[in-house]
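Fold and geometry: a report
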Amino acid sequence: MLSKPDEHGKFGIFGGKFAPEVLMTTVEELEAAYITYTNDKGFRTELDSLLRTYAGRPTALYFAKNLSKMSGAKIYLKREDLVHGGAHKLNNTLGQCLLAKHMGKRRIIAETGAGQHGVATAMAAAVLGLECEVYMGTEDIERQKLNVFRMKLLGAKVNPVDSGSKTLKDAINESIRDWVTNVENTYYLIGSVVGMHPYPLMVREFQRVIGKETKVQILDAEGRLPDTIIACVGGGSNAMGIFYEFLSDDAVELIGVEAAGKGLETGEHGASICAGTEGVLHGMYSKLLQDEDGQIKQSYSFAPGLDYPGVGPELAHLAESGRVKMGSTTDEETLNAFKILSTKEGIIPALESAHAIHYAIEEAKKKAGEQKDHLIVVNLSGRGDKDIYTVAQVLGDRREAGYV
Ligand SMILES: *Cc1c(COP(=O)(O)O)cnc(C)c1O
């Protein structure tokens, strides 16, 4: 099965172009430029070279021996944590910044919640000699000081957004306002497989390198395809990036793991597919967290990258069709997996990625009884250095409360 958007940018019923009328020509221009340049040999050579020499690709596929031994399946980790910047996000920002440069747009704007996409955008803009401005809610600026400082060091301007809830959705509104006003010289860089067409398609294509490498590497290591591939899902870009290459390999089970936060039943989570409803956000029709009146609800996860009230349309479609299975992991379960990977493999994972690790351990235990050598690949989307304060705080709180 291959997944392709129709002429309206829709994957099944999801996706589309819900953009202000004044942006329609710009969005169409972008689509045309994207097709032209990504089919251009010079563009592809330049991007490949950046991915290799700047981002550090190909990333390793690591056989996690100790994790495998304790869980009963063979578990491999696709090491996106080793990409420059510490996560898969740079694969996309390099691709889009290069596209902007070829389109003659010298000014990049982005919006960021936790700051990780802002940092990856600032890096790519710096290396390609582009101007960069990042919109961020004042609430988020306060919570993510380290990433704000990083962006500034990388030469980006951080524009505080003080309206509404002072978080990501307000920063998105401001970015779109800026884009409408400055379309001539400005490129709007979206950080996941979300937003209006062609962004979900473009971002998936720029992240697809993860799955392409994984396929070659697992065939080389094991002589066969994996039984299961597991990835965490915020907007869905690291998941689509590793899944896409395996969509038509029907025997390969694909599992996306959303943030169950404090528990799906508490309403404090980031599980748009598992527990959301259909609606429009960020220029797309998809699965969202919203109330009965269509007002977007605040999502929650202690993993900042999963704290988003929507999900990419292609993934929503693949989940609905049954090709991709969805699950969710709570903060509590994730913390446990975070400790296990750190102590058993010497890898401190991003809290986002630790959601997928937890799910993989559970899946491995389940399958161990049924099949010998069940082969699992987990996309380790990022490293956990950014999360150590969150973890320290959670553990500290418990110690004070007498739990640990
Ligand atoms: C941003 C981020 C995510 C979530 O984004 P996706 O688009 O769903 O991949 C996951 N892991 C890490 C490390 C991130 O930085």
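Residues numbered from 1 in each chain as written. Predicted model: local features only at pLDDT ≥ 70, side-chain atom pairs only at ≥ 80, totals over all residues. Heavy atoms only, no water.

Thoughts on the sheet that holds strand β8 (residues 186-188)
The strand order across the open sheet built from four strands is β7-β6-β5-β8, with neighbouring strands paired in parallel fashion. If you trace the sheet from one side to the other, it starts and ends with β7 (157-161) and β8, each paired once. Going from strand to strand, the sheet's axes swing by 25° on average, the running direction of each strand aside. Strand direction decides the pairing type here: strand β5 (residues 107-111) and β8, joined by three bridges, are parallel. Its bridge partner being in β8, Ile 109 is matched across the sheet by Tyr 188. (Pairing = 2+ DSSP bridges. Helix = DSSP H or I, 4+ residues; strand = E, 2+ residues; numbered from the N terminus. Axes fitted to C-alpha atoms, helices over the stretch in contact; angles between N-to-C directions.)

Re the pairing of strand β9 (residues 228-232)
Summarising burial for β9: five of the five residues are buried, a large majority. The alternating pattern of β9 places Thr 228, Ile 230 and Cys 232 on one face and Ile 229 and Ala 231 on the opposite face, and all of these are buried. By the bridge criterion, five bridges tie β9 to strand β10 (residues 253-261) in an arrangement that is parallel. What sits directly across from Cys 232, in β10, is Val 257. With helix α11 (residues 237-243) bridging β9 and the parallel β10, this β-α-β connection has right-handed handedness. Sheet analysis places β9 next to strand β14 (residues 375-380), joined by three bridges and oriented parallel. Residue pairing for β14: Ile 229 is matched across the bridge by Val 377. (Buried < 20%, exposed > 50% of the residue type's maximum accessible area, 1.4 Å probe, protein only. Right-handed = clockwise from strand over helix to strand, strands pointing away.)

Keep in mind these values describe shape, not function.
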